[in-house]
Structures are given as C-alpha cells and as structure tokens.
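# Tertiary structure, described
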Amino acid sequence: MPRILIIDDEKAIRNTLKEILEFESYQVDQAEDGPAGLDMLIQQKYDVVLCDIRMPKMDGLEVLTRAQAMGTDAAFIMVSAHGSIDTAVEATKKGAYDFLPKPPDLNRLLVTVRNALDRTKLVSETKTLKKKLSVTKGSEMVGSSAALGAVRKAIEKVAPTDARVLITGPNGAGKEMVARQLHEQSNRAQGPMVEVNCAAIPSELIESELFGHEKGSFTSAVKQRIGKFEQADGGTLFLDEIGDMSLSAQAKVLRALQENKITRVGGEKEISVNVRVLAATNKDLLQEIADKNFREDLYHRLSVIVIKVPALNDRREDIPELIQKFLNDIAADYGNKPKKIDPAALEYLQGLDWRGNIRELRNVVERLVIMSDDTISADDAKAFAGK
C-alpha cells in the first residue's frame, strides 16, 4: 500500500486530506510542522509527501531541500494558500514534483498523487536497475565463498547510508573494489568518486592534495588548486592507505569530518563540503595508535563501520571463478578468444600460497595466457606460476 505523508500546520487541512486519501486506499501519516515531518522521513519510507509551504519553525521549501539532502526518493507535492507562479517555479527548481493551491481541487489532487506515485515507482526501479548494472569490470567482486558473501552483505547494508567505512585487509585483496561498490550502491552514485592514495603522495604535499591551495601559498603554488575534498562534493572520497597519512594532515581531515568544512592551504575562507569518506588500510591502526603514528580520534571518526576484506588464501574456493574472469578479461584486452585451463592446472593454482592476493593471481594468469597454448596445462602452471 503506498504511503503518503502530509506536512501541514493546519490540523483541519491535514485531517481533510487524510480522509480523502485514505478513501483511495492510501496509507497516510501526518506531521504538524517541518521538523516533525523530517523526523518521520528519517524513520519511515514514504512514496509521496504533501507539504505546505508557509509553516512555523521551518517552511516547506526548506523541508524539501533537507529531505533531498537526506536522499529521500519521495515525490514532494507542495501546497499553499498563498501560491504564485514564482513560488511554484521556485518549488519546481528545488525538486518538487508539482505545486497545488489551497484548497486543492479534489480531482486534480488525486491525479497529481497518482502521477507522483508512478514517478516514485519509476525512480525506485531505475535505482534498482542501476545497482544491478553497476557491477562493472573494474569493480566486480567475483566469488561465492562465505567470506566474500559476508563482505557483500555488509556492503548491501551500509552502502545506502552515509556512514563512514574503514576497509581493512592485505594489499591486493580488493579493498578498492569494496569502496567502489559502496559508492555505486549508495545514494551518491550519481556524484563523483574521488580516490586518493595517501601512500603515493609525499607528506609535504598531502594537505594541498586533499584541501587545495591558494595561489602563492608556497613556492610552487603558481595558481589556485581545488583539492580532493572539494572535487568529491556531493559524492564519495576514498582515502586509500590512510595509515600512511602524516599526523598534521590527519588533524585537518579530522576537522573536515567534524565540521564538514575545509580551508585551502594558504587560505582563510572556510568552504563547506558534502562528502562521504571511505578509508582503507593494510595496517593495524590500533597498533599505529599505540605507536603514536595515528590519531585515535580520527580512527573512531573513520571506523563507524569496519569491513574486513579477506586474503585470497582465506577464500581459495573463489580462485577458479577468479581465474575464469581473468581469462575472459585478458582475452578481451588482447582481442583474442579466451584460453581454456585444464582442471589439473586449476587445482595446482588453487593450492599455492597467494601472498600477493588477487593482484598476484591476475598477473600469473596473464603470464600463463602469454606463455601457454590454447589450453593452459598443469605443466604450464608449474612452469610459469613463478612459485
């Protein structure tokens, strides 16, 4: 049954609309003002919201803006006794589905609600399809092991939220793929995903990379630079190898997470940013905290949710599926027909020690594709696996 929320400070209007809509077999809830309506939108999923524009505490346009920032899919129909063309245009620009004058015409109200419900259903179906199609070549997580299943389940639960996630695991295990899945299955999927490898940037440049800098702020700052936080506004910022970040940069990242504001190097102006931060590391951050290399307060800010990516040695049952994927990918890259692999070769590769994890396995498969005939044999695997 479709759920509709009525937000209006006039009780008589709320009750009238509720009675009309319930007669049409809709489930209807009421809120007496904007803050109460936003609380209900947080607690419950609605398909359509009928929202008055002029209300005490918070007007309807602000409710609309905040609801959209929360990621709600509900279609907003704005209602006002003081309506004008300018008000209707402004509401539409802010994302409202439609605008109705008070008192609303009964037939127009019902037609608008039905159309809005169709729109909400279409948006929901589109999001579902996009999530199914989002598993692209670069971010597909291959395998049916229980260990990988636990990671997928965690992603499914956490992705739609804005909770910060710390992704842990050894090098080459697929932490970046987890980050990409979290972004692609989130409400920010239409926004940018910006990646920063903290280990690859010199400590003296990391702050400029993250927060940007103003022209002339240091010797080589010949022009203004927009940092990664600003580039990721409205999307996701992925801080890879966060354990290698300098303490001074950690302090600024902590402030950005606390206040949702950053200041460019050499600048004075505070810049608001709307960014979801994901972080990854192969280090034991609790040990790094004990060694005074990592801030404990930043750790707790980043690790609202912790997802541990298993090493390949801990999910060997996935190796045949991974090898088949790599054979297909490499063939597509080279423009060739995928090579076959002998079951004995698969068994041999499955029993090796993969300290380099998925990255190492991919390299070995590519080597075997280059060095073997149409079918990769066990002898090929033993000769060219490099073990």
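What you are looking at is a predicted structure, and each value in this text was computed from that prediction instead of being measured.

Before going further, it helps to spend a moment on the packing of helix H13 (residues 319-334) against helix H15 (residues 357-371). Between H13 and H15, the shortest axis-to-axis distance is 9 Å and the interhelical angle comes to 55°. The pairing of H13 with H15 is recorded here as oblique in orientation. You can see that H13 and H15 cross each other, and the crossing is right-handed. Between H13 and H15, the contacting residues are Ile-319, Leu-322, Ile-323, Phe-326, Leu-327, Ile-330, Asp-333 and Tyr-334 on the first element and Ile-358, Leu-361, Arg-362, Val-365, Glu-366, Val-369 and Ile-370 on the second. A breakdown of the residues in the contact of H13 with H15 according to their chemical character gives twelve nonpolar, no polar and three charged.

So, on to the environment of Val-113. Relative to the assigned elements, Val-113 resides in helix H5 (residues 106-133). Taking the C-alpha atoms as reference, Val-113 lies 9.4 Å from Asp-98; in sequence the two are 15 residues apart. Ignoring sequence-local partners within four residues, the contact set of Val-113 consists of Ile-4, Leu-21, Tyr-26, Val-48 and Ile-77.

On inspection of all chains with the given rule, the structure shows 26 salt bridges. In this structure, Lys-45 and Asp-73 form a salt bridge, with 4.0 Å as the shortest nitrogen-oxygen distance. Here the residue Lys-45 occupies a position in the loop between helix H2 (34-43) and strand E3 (48-52), and Asp-73 occupies one in the loop between helix H3 (60-69) and strand E4 (75-80), the gap between them amounting to 28 residues. Looking at Lys-45, the relative accessible area reads 52%, which means it is exposed. Here the salt bridges do not stand alone but share partners, grouping Asp-8, Glu-10, Asp-52 and Lys-102 into one network.

What follows deals with unusual backbone geometry. For the bond running from Lys-102 to Pro-103, omega is -15°, close enough to zero to count as cis. Relative to the assigned elements, Pro-103 resides in the loop between strand E5 (98-101) and H5. Notably, Lys-57 is not glycine yet its phi reads approximately 75°, a positive angle. Along the polypeptide, Lys-57 turns up in the loop between E3 and H3. The phi dihedral of Glu-241 is positive, around 55°, even though this residue is not glycine. Turning to its location among the elements, Glu-241 is positioned in the loop between strand E8 (236-240) and helix H10 (247-259).

All right, on to the UniProt feature "modified residue: 4-aspartylphosphate" (unreviewed entry) in the protein then. Residues annotated in UniProt with the feature "modified residue: 4-aspartylphosphate" (unreviewed entry) correspond here to Asp-52. By the secondary structure assignment, Asp-52 is in strand E3. Beyond its immediate chain neighbours, meaning those up to four positions away, Asp-52 contacts Ile-7, Asp-8, Asp-9, Gly-60, Met-78, Val-79, Ser-80 and Lys-102.

As a further point, take the nonpolar core. Leu-210, Phe-229, Leu-237, Leu-239, Ile-242 and Val-253 are the most contacted members of the largest nonpolar core, which has 31 residues in total. Among the elements that line this core, the one with the most residues is H10, at five residues. With residues up to four places along the chain from it excluded, the contact list for Phe-229 reads Leu-210, Phe-211, Leu-237, Val-253, Ala-256, Ile-262, Val-273, Val-275 and Val-277.

The next subject is the side chain of Asp-318. With respect to the helices, strands and loops of the structure, Asp-318 is situated in the loop between strand E12 (305-308) and H13. According to the relative accessible area criterion, Asp-318 is buried, its value standing at 0%. Apart from the residues lying within four places of it in its own chain, the contact partners of Asp-318 are Val-142, Gly-143, Ser-144, Ser-145 and Leu-148.

Basis of the calculations
Within each chain, residues carry numbers counting from 1 in the order of the written sequence. At least 70 in pLDDT is required for a residue's local features to be given in this predicted model, at least 80 for side-chain atom pairs to be given and counted, and no such filter applies to totals for whole chains, interfaces and linings, which use all residues. Computation of side-chain values: all heavy atoms of the structure, hydrogens and water removed. Axis geometry follows a simple rule: fit a line to the C-alpha atoms, using only the stretch in contact for helices, then measure angles between N-to-C directions, giving values from 0 to 180 degrees. The helix count covers DSSP runs of H or I at least four residues long, the strand count covers runs of E at least two residues long, and both are numbered beginning at the N terminus. Orientation categories follow fixed angle ranges, with anything under 35 degrees roughly parallel, anything over 145 roughly antiparallel, 65 to 115 roughly perpendicular, and all other angles oblique. Crossings are sorted by hand: turned counterclockwise from the far helix by less than a right angle, the near helix makes the crossing left-handed, and turned clockwise it makes it right-handed. Here, two residues are considered to be in contact whenever any of their heavy atoms come within 4.5 Å of each other. Any residue that is not Ala, Val, Leu, Ile, Met, Phe, Trp, Tyr, Cys, Pro, Asp, Glu, Lys or Arg is counted as polar, Gly included; the first ten are nonpolar and the last four charged. Any carboxyl oxygen of Asp or Glu within 4 Å of a side-chain nitrogen of Lys or Arg constitutes a salt bridge here. Exposed residues in this analysis have more than 50% of their type's maximum accessible area, buried residues have under 20%, and partly exposed residues fall in between, with area computed by a 1.4 Å probe over protein chains only. UniProt positions are given in the numbering used here, feature names are shortened, and annotations may be inferred rather than shown by experiment. To qualify as a nonpolar core, a set must consist of buried Ala, Val, Leu, Ile, Met, Phe, Trp, Tyr and Cys residues joined through side-chain atoms within 4.5 Å.

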